[in-house]
Amino acid sequence: MELAQGRVPVIEGWFTVEPPALLGRRCPACGTYMFPPTGQWCPNPRCGCDDLETVPLSRNGTVWSYTDAQYQPPAPYLPRTDPYEPFAIAAVELEKERMIILGQVADGYGVGDLSVGTRVELVVEPLESDGEAAKLVWRWRPLGEEVDQ
Ligand SMILES: [Zn+2]
C-alpha cells in the first residue's frame, strides 16, 4: 500500500492533513467562525452575510470538558480493539477562535492524561487501529501542559 492512500480525510473538506488543521468558515463581515464548514449563511442573526470564506482553524486549544466512552458506540463506529476498550473524548476550546470542538483523544492517551485546561494540539490518525485504513480522522493530543483558567 502506498502511503499517499492512507492520507485522506474521512470527511472531505473538514480538515487538512499537511499540516493537520480543521477547516472552518469565517464571515468576512462580522468575523464569526463556524465548524463544520457547512452552510452558506453567517450564523450571526444580526449579520446575514452569505459570502463565507473557508479558513484553517487554530491547531491548538485547551480542554474545556472531557469524558470517556465506556460503552462501544453503535455502527458505523469501527471497533479499534477486541475486546472493546474505552476511548477518551475531549471538548476543546480553540486558541484563537474560542469555539468548542469535540473530538477523540489521540491514540495512547486517556482521561488520565486530561483535565480542564490541559493544552492539546490537533493531529490526524488512521480511522482503524491496524493503520491500513485509507481514511484519517482528527484527534486531540495532550501536550502535558496546563493553562490557568
Ligand atoms: Zn457575519
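Scope of this entry: the structure provided in the associated data block. (Residues numbered from 1 in each chain as written. Predicted model: local features only at pLDDT ≥ 70, side-chain atom pairs only at ≥ 80, totals over all residues. Heavy atoms only, no water.)

**Observations regarding the pattern of salt bridges**
And then number 1: Applying the stated criterion across every chain, the model contains 5 salt bridges.
And then number 2: Between E125 and R139 there is a salt bridge, with the nearest N and O atoms lying 2.7 Å from each other. Note that E125 is positioned in strand β9 (residues 118-126) and R139 in strand β10 (residues 135-146), a separation of 14 residues in sequence. For the pair shown, E125 and R139 are each scored as buried. (Salt bridge = Lys/Arg side-chain N within 4 Å of Asp/Glu carboxyl O. Helix = DSSP H or I, 4+ residues; strand = E, 2+ residues; numbered from the N terminus. Buried < 20%, exposed > 50% of the residue type's maximum accessible area, 1.4 Å probe, protein only.)

**Quick look at the side chain of E121**
And then number 1: Relative to the elements of secondary structure, E121 occurs in strand β9.
And then number 2: Owing to a relative accessible area of 16%, E121 belongs among the buried residues under this scheme.
And then number 3: Engagement of the side chain of E121 in a polar contact is seen with the side chain of R141, the distance being 2.4 Å.
And then number 4: Each residue touching E121, except ones within four places of it in the same chain, is listed here: R59, N60, R139, W140, R141 and L143. (Polar contact = N/O pair within 3.5 Å; in protein donor to acceptor, adjacent residues only side chain to side chain. Contact = heavy atoms within 4.5 Å.)

**Overview of the coordination of the zinc ion**
Geometry sets the ideal angles at a metal, namely 109.5 degrees for four tetrahedral donors and 90 or 180 degrees for six octahedral donors.
And then number 1: Surrounding the zinc ion are the protein donor atoms C27 (SG), C30 (SG), C42 (SG) and C47 (SG), which sit 2.3 Å from the metal.
And then number 2: Geometry at the zinc ion is tetrahedral, judged from the 4 donor atoms that bind it and their angles of 101 to 114° at the metal.
And then number 3: Here the donor residues of the zinc ion are spaced in sequence according to C-x2-C-x11-C-x4-C. Residue C27 is found in the loop between β3 (21-26) and β4 (33-34), and its partner C42 is found in the loop between β4 and β5 (53-56); the two are separated by 15 residues along the sequence. Taken individually, C27 and C42 each receive the classification buried, so the pair is uniform in this respect. (Donors = N, O, S within 2.8 Å, 3.2 Å for Na, K, Ca; no water. Tetrahedral: all angles 85-135°; square planar, octahedral: opposite > 155°, others 65-115°.)

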